[in-house]
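# Topology and contacts: notes
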Amino acid sequence: MADYRPENVQNILLISSTALGDTVLSTAAMGAMRQRFPAARIAVLIHRDYVPLFDQADFLDKVIPYYGGWQRFFSTIVALRRTQPDVALILHGNEPQATPLAYFSGARFIFKLPNTSRFAFLLSNQVPRLTWSDMGHGMMQRLKVAELAGAPIDGARMCLPVTDSTKDIVARWLAEQGVMAADLVIGFQAGASSRGRMWPVAHFVALAKTLLAAHPAYRFVITGAPHERLRCEEIAKGIGLGAIIAADALPIKALPALVQRCAVLVTGDTGTLHVAVAVGTPTVSLFAVSGPDVSGPAYDLERHTVIHHPAPAGVRSKTDNDRWMAQIRSDEVAAAVMQQLSQFAQQTIACPDRLSEGNS
C-alpha cells in the first residue's frame, strides 16, 4: 500500500455484486470515488438483476454484469481486464469469487474491508485486520473502503438515478390502475430476504384498514420481487379497493421512481428501504431479527421512523420464523405512518407542486 498514489489513478474497478440493498448502499462509495477522481474512468461489477438501475448513472462509466457464483467466471474476468484498472475496490462481494475477480482484473492495488478472508494476502490493506464488528453501518463499511483509496467520505450519500423516463413509466402505470397525480400513495414492501424479516400479511392488512378508516382515499402500492407476487396478492386481497400490486408489473429500473412517488414506505429490513432513503422517501422500517444500527436508514434519520423489537439473543437474522416480526403491532406502525404523513402534508403545503412532481 505504500506505493499507492491516488494522483496516478486513471482507471478504477468497483465491485458490489450482491443483493439490491447491498448495491444501493454501495452507491455512496461510488459517488465518493467519482468526487475524488472526476477524470478517472470508473467501471463497476454489479449483479445482473440490478444493472438497469444504473443505465443513467453519471457517476459511472461502465457497468459490468455479475452472474452469481462461478457462472461466466472467466468471461467476467475478460470483461474486467478490459477496463485496465489501476485500483480495484471490493465494496461488497461474496467469497470465494470477489477477491479473485479483483486480482485477475489486473489491478495493482486491491482494497477491501473486512480484510479477514483467506484471500487477504491479495489485498493492499492487509493490516490492520478489521472484522465486520469494526465496520458499523453497512454504508460506512463501503465508505471506509473508498477512504482507503483516497476518497473523501464526510457527508457522503447514496445516489440512485431517478430519470424523467422512469417517472413517466410509473405515472402511466399508476394511471392505468386508477391512481392520479394528486392521490396520496403509501408503499408497502411485502417481502424480504428471509421470512424472519417479513412483517406478517395480516399485519399489513390491519395497518391499511386503520389508515383507510381515517382517510378512505389513501392508495396502497404493494412492492416486492417477482417471486413475491403471491404474498403481495394476499395483502392486496385483504385490503380490497385501494391496493395495487407492483411486484412483477414494472421493470426494476422503475423501482426508484415508484418508491419516490410514495408519501411513505412501510418496510422491513430490505433493499427497498435503502432505495427509499436514497431517493428521499420517508420510511417506517420494522426490525426484529436484524439491527437498524447496521442495516437501517443510513442518514436523514428525522425522515425515517425505526420500530425495533429485538428478537432474543441467538436468533439468526436469516431465520424463517416471523414470530418476532409479528410482535410489532399494526397500531404502533399506524401511529408512526400517520406521523410521517402529517409531516408530508406540512411539506406539501410549503411546496404544493410536490405531489404532481412525484415527490421529487
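Residues numbered from 1 in each chain as written. Predicted model: local features only at pLDDT ≥ 70, side-chain atom pairs only at ≥ 80, totals over all residues. Heavy atoms only, no water.

## Considerations on the packing of helix H1 (residues 20-36) against helix H9 (residues 271-279)
Between two packed helices, the angle of one axis relative to the other and the distance separating the axes together describe the packing. One way to put it is that H1 packs onto H9 with a least axis distance of 7 Å and a crossing angle of 25°. The orientation of H1 relative to H9 falls into the category roughly parallel. As for the relative orientation of H1 and H9, their crossing is left-handed in sense. Contact with H1, carried on its side by Leu20, Gly21, Val24 and Leu25, involves Gly271, Thr272, His274, Val275 and Ala278 of H9 and no other residues of that element. (Axes fitted to C-alpha atoms, helices over the stretch in contact; angles between N-to-C directions. Helix = DSSP H or I, 4+ residues; strand = E, 2+ residues; numbered from the N terminus. Parallel < 35°, antiparallel > 145°, perpendicular 65-115°, else oblique. Left-handed = near helix turned anticlockwise from the far one by under 90°. Contact = heavy atoms within 4.5 Å.)

## Some details on the confidence of the model for the protein chain
Per-chain confidence: the protein chain averages 94 in pLDDT, with 95% of residues scoring 70 or above. Low pLDDT, under 50, characterises residues 349-360; the predicted model gives this stretch 23 contacts beyond four residues in sequence or across chains. (pLDDT = per-residue confidence, 0-100.)

## Points about the state of the cysteines
Counted under the stated rule, the structure contains zero disulfides. Not engaged in a disulfide, the cysteine Cys262 finds its nearest cysteine sulfur in Cys232; these two sulfurs lie 13 Å apart. Cys262 gets classed as buried once you look at its relative accessible area, which sits at 2%. (Disulfide = S-S within 2.5 Å. Buried < 20%, exposed > 50% of the residue type's maximum accessible area, 1.4 Å probe, protein only.)

## So, unusual backbone geometry
Leu113 connects to Pro114 through a cis peptide bond whose omega is -10°. With omega at -5°, the peptide bond leading from Val127 into Pro128 counts as cis. Its identity is not glycine, yet Arg72 carries a phi of approximately 50°, on the positive side. Mapped onto the elements, Arg72 comes out in the loop between strand S3 (62-66) and helix H2 (73-82). A relative accessible area of 51% means that Arg72 is categorised as exposed.

## A word on the packing of aromatic side chains
As enumerated under the stated definition, the model contains nine aromatic pairs in all. The interplanar angle of 75° and the centroid separation of 5.2 Å between the aromatic rings of Tyr4 and Phe109 together place this pair among those described as edge-to-face. Taken together, the residues Tyr4 in the segment before strand S1 (11-16) and Phe109 in strand S5 (residues 109-112) connect sequence positions 105 residues apart. Assessed through its relative accessible area of 11%, Phe109 is described here as buried. Ring geometry for Phe54 against Phe59: centres 6.5 Å apart, planes inclined by 90°, an arrangement best described as edge-to-face. Accessibility assignment for this pair places Phe54 and Phe59 in one class, buried. A connected cluster of aromatic rings, assembled from ring pairs, spans Phe188, Trp199, Phe204 and Phe220. Geometry around Phe37 places Arg36 over its ring, the cationic atom sitting 4.9 Å from the centre. Over the ring of Tyr67 we find Arg72, and its NZ or CZ is 4.0 Å from the ring centre. (Phe/Tyr/Trp six-rings, centres within 6.5 Å; stacked < 30°, edge-to-face > 60°. Lys NZ or Arg CZ within 6 Å of the ring centre and 35° of its normal.)

## Side note on the pattern of salt bridges
Enumeration over the complete set of coordinates arrives at nine salt bridges. For Asp331, the salt bridge goes to Arg329, with nearest N and O atoms at 2.9 Å. By relative accessible area, which is 43% here, Asp331 ends up partly exposed. (Salt bridge = Lys/Arg side-chain N within 4 Å of Asp/Glu carboxyl O.)

## Re H9
The α-helix advances 3.6 residues per turn, and as a result positions three or four apart in sequence lie on the same side. Of all the nine residues making up H9, nine are buried; the element is thus mostly covered by neighbouring parts of the structure. Those residues of H9 that sit buried are Gly271, Thr272, Leu273, His274, Val275, Ala276, Val277, Ala278 and Val279. The opening residue of H9, the one whose side-chain oxygen lies 3.3 Å from the backbone nitrogen of Thr272, is Thr270. A positive backbone phi angle near 90° is found at Gly280, which sits one or two residues after H9. (Polar contact = N/O pair within 3.5 Å; in protein donor to acceptor, adjacent residues only side chain to side chain.)

## A word on the environment of Ser330
Following the sequence through the fold, Ser330 ends up in helix H11 (residues 330-350). We classify Ser330 as buried; its relative accessible area is 18%. Those residues in contact with Ser330, other than ones at most four positions away along the chain, are Trp199, His203, Ala206 and Leu207.

## Some words on the sheet that holds strand S6 (residues 185-189)
Pairing in this open sheet of six strands is parallel, and the strands run S8-S7-S6-S9-S10-S11 from one edge to the other. Of all the strands in the sheet, just strand S8 (243-245) and strand S11 (304-308) have a single pairing partner and so form its edges. In this sheet, neighbouring strand axes are inclined to one another by 20° on average, regardless of whether the strands run parallel or antiparallel. Strand direction decides the pairing type here: strand S9 (residues 264-267) and strand S10 (residues 283-287), joined by three bridges, are parallel. When the sheet's bridge partners are listed, Thr267 is paired in S10 with Ser285. (Pairing = 2+ DSSP bridges.)

## What about the nonpolar core?
Counting residues in hydrophobic clusters, the biggest one holds 51 residues, and the most contacted among them are Ile12, Leu14, Met30, Met33, Phe54, Leu89 and Met158. Elements represented by at least two residues in this core include exactly S1, H1, strand S2 (41-47), strand S4 (87-92), S5, helix H4 (138-148), helix H8 (255-261) and H9. Among the elements that take part in this core, H1 stands out by supplying eight residues, more than any other. Apart from residues lying up to four places away in sequence, Met158 is in contact with Val24, Leu25, Thr27, Ala28, Met139, His274, Val277, Ala278 and Tyr299. (Core = buried A, V, L, I, M, F, W, Y, C linked by side-chain atoms within 4.5 Å.)

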